[in-house]
Amino acid sequence: MRFSQGQDWRDIVAFDWPAVRAGIEAKSFGDSDPLPVPDIDLGQAASGSLTGAATLALPWELLNDDGFERLLYDLLRDIPEHQNVEWLMQTRAPDRGRDLSMDRVLRDGSGGVRTERVIVQAKHWRSRSVNAAAVSETATAGKLWGPPLVRGIVIATSGRFTADAVSWAERHNSEGNAPYIDLWPDSRLETLLAQRPHIAAAHGLR
């Protein structure tokens, strides 16, 4: 600025300020200072439609048992870490809980890759929660499946699990018993489907 030339101001705006702006703005607010918000009309914002992967309760009652299994089949196939997803038995067949199977791909930081066989049991229960007896029965049956050896069991429900069921699964897993039990309640399925709206829409849930 000591030269008092007109282009000096332009150079500051065009070159100097952009280079230091991010650092200055980052230091301009303390931990207790309010953050700036965009200048937006709240009434206009409220009248718009939401976008993004928001988790919403799904109308599970629109699906029957067969439709719920088909939904799980499509959902599992859409997850990159799941391979060779298969629909094993006819719905409600005496299959001891083996509704679907897949190979889960596990990778570690060193580049090692291995797969483990996982069985998925579908429970489209809307009138009652899945209790500890149902989880225990599935885990016991899992020891009789194979070959190949089943390393994990996913119990997926369109409802919830009882507190006893959750406690039983946590104790089973903490003791290192095989197979490992994963509980997927409706909230977890809704989160996964919120990230994959095309699957929910294909099954009439959107």
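For the structure, check the block above.
What this report covers is the structure whose coordinates are included nearby. (Residues numbered from 1 in each chain as written. Predicted model: local features only at pLDDT ≥ 70, side-chain atom pairs only at ≥ 80, totals over all residues. Heavy atoms only, no water.)

### Here we look at the packing of helix α3 (residues 65-77) against helix α6 (residues 186-194)
Consideration 1: The interhelical angle for the contact between α3 and α6, taken along N-to-C directions, is 50°, at an axis separation of 11 Å. Taken together, the axes of α3 and α6 lie oblique to each other. Like other packed secondary-structure pairs, α3 and α6 cross with a definite hand, here left-handed. On the side of α3, the interface is formed by Phe-68, Leu-71, Leu-72 and Leu-75, while α6 contributes Leu-189, Leu-192 and Leu-193.
Consideration 2: Partitioned by chemical class, the residues of the contact of α3 with α6 number 7 nonpolar, no polar and no charged. (Axes fitted to C-alpha atoms, helices over the stretch in contact; angles between N-to-C directions. Helix = DSSP H or I, 4+ residues; strand = E, 2+ residues; numbered from the N terminus. Parallel < 35°, antiparallel > 145°, perpendicular 65-115°, else oblique. Left-handed = near helix turned anticlockwise from the far one by under 90°. Contact = heavy atoms within 4.5 Å. Nonpolar A, V, L, I, M, F, W, Y, C, P; charged D, E, K, R; others polar.)

### Let's talk about the environment of Ala-133
Consideration 1: The topology assignment puts Ala-133 in helix α4 (residues 132-142).
Consideration 2: Using a relative accessible area of 53% as the deciding quantity, one classes Ala-133 as exposed.
Consideration 3: With 32 residues separating them in the primary sequence, Ala-133 and Ala-165 have C-alpha atoms 7.5 Å apart. (Buried < 20%, exposed > 50% of the residue type's maximum accessible area, 1.4 Å probe, protein only.)

### Quick word on α3
Working note: α-helix, 3.6 residues per turn, so residues spaced by three or four point in the same direction.
Consideration 1: For α3, which comprises 13 residues, the first-to-last C-alpha distance of 19 Å matches the rise-based estimate of 18 Å (1.5 Å per residue) to within 8%.
Consideration 2: Among the residues of α3, those classed as buried are Gly-67, Phe-68, Glu-69, Leu-71, Leu-72, Leu-75 and Leu-76.
Consideration 3: Sitting at the amino-terminal end of α3 is Asn-64, which places a side-chain oxygen 3.2 Å from the backbone nitrogen of Asp-66. (Expected span 1.5 Å × (residues − 1). Polar contact = N/O pair within 3.5 Å; in protein donor to acceptor, adjacent residues only side chain to side chain.)

### Topic: the nonpolar core
Consideration 1: Membership of the largest hydrophobic core comes to 23 residues, with the highest contact counts inside it found for Trp-60 and Leu-193.
Consideration 2: Of all the secondary structure elements, the ones that give two or more residues to this core are α3, β2 (100-107), β3 (113-123), β4 (150-157), α6 and α7 (197-202).
Consideration 3: Take this core: its biggest share by element is 5 residues, from α3.
Consideration 4: The contacts of Leu-193, once residues within four sequence positions are left out, are Leu-58, Trp-60, Leu-71, Leu-75, Ile-199, Ala-200 and Arg-206. (Core = buried A, V, L, I, M, F, W, Y, C linked by side-chain atoms within 4.5 Å.)

### Quick notes on the packing of α4 against helix α5 (residues 163-174)
Consideration 1: Orientation of α4 relative to α5, taken along the N-to-C sense of each, is 35°, at an axis distance of 7 Å. Residues Ala-132, Val-135, Ser-136 and Ala-139 of α4 pack against Asp-164, Ala-165, Trp-168, Ala-169 and His-172 of α5.
Consideration 2: Of the residues assigned to the contact of α4 with α5, the class counts are 6 nonpolar, 2 polar and 1 charged.

### Details of the side chain of Arg-117
Consideration 1: Note that Arg-117 resides in strand β3.
Consideration 2: Although Arg-117 is buried, it makes no salt bridge; Asp-103 carries the closest opposite charge, 5.6 Å away.
Consideration 3: If sequence neighbours within four positions are ignored, Arg-117 has contacts with Leu-88, Ser-101, Met-102, Asp-103, Gly-146, Pro-148, Leu-149, Val-150, Arg-151 and Gly-152. (Lys, Arg positive; Asp, Glu negative; His and termini not counted. Salt bridge = Lys/Arg side-chain N within 4 Å of Asp/Glu carboxyl O.)

### Topic: the pattern of salt bridges
Consideration 1: What the rule picks out here adds up to 6 salt bridges.
Consideration 2: In this structure, the salt-bridge partner of Asp-66 is Arg-70, at a minimum N-O distance of 2.7 Å. On the criterion of helical spacing, the pair formed by Asp-66 and Arg-70 is a turn pair, its members being 4 residues apart in helix α3.
Consideration 3: Note on Asp-66: relative accessible area 29%, which makes it partly exposed.
Consideration 4: Note that Arg-160 and Asp-186 form a salt bridge whose closest N and O atoms lie 2.7 Å from each other. Of this pair, Arg-160 sits in the loop between β4 and α5 while Asp-186 sits in helix α6, and the two are 26 residues apart along the sequence.
Consideration 5: If you follow the salt bridges from partner to partner, you end up with Arg-104, Arg-114, Glu-116 and Asp-182 in one network.

Purely geometric numbers; function is a separate question.
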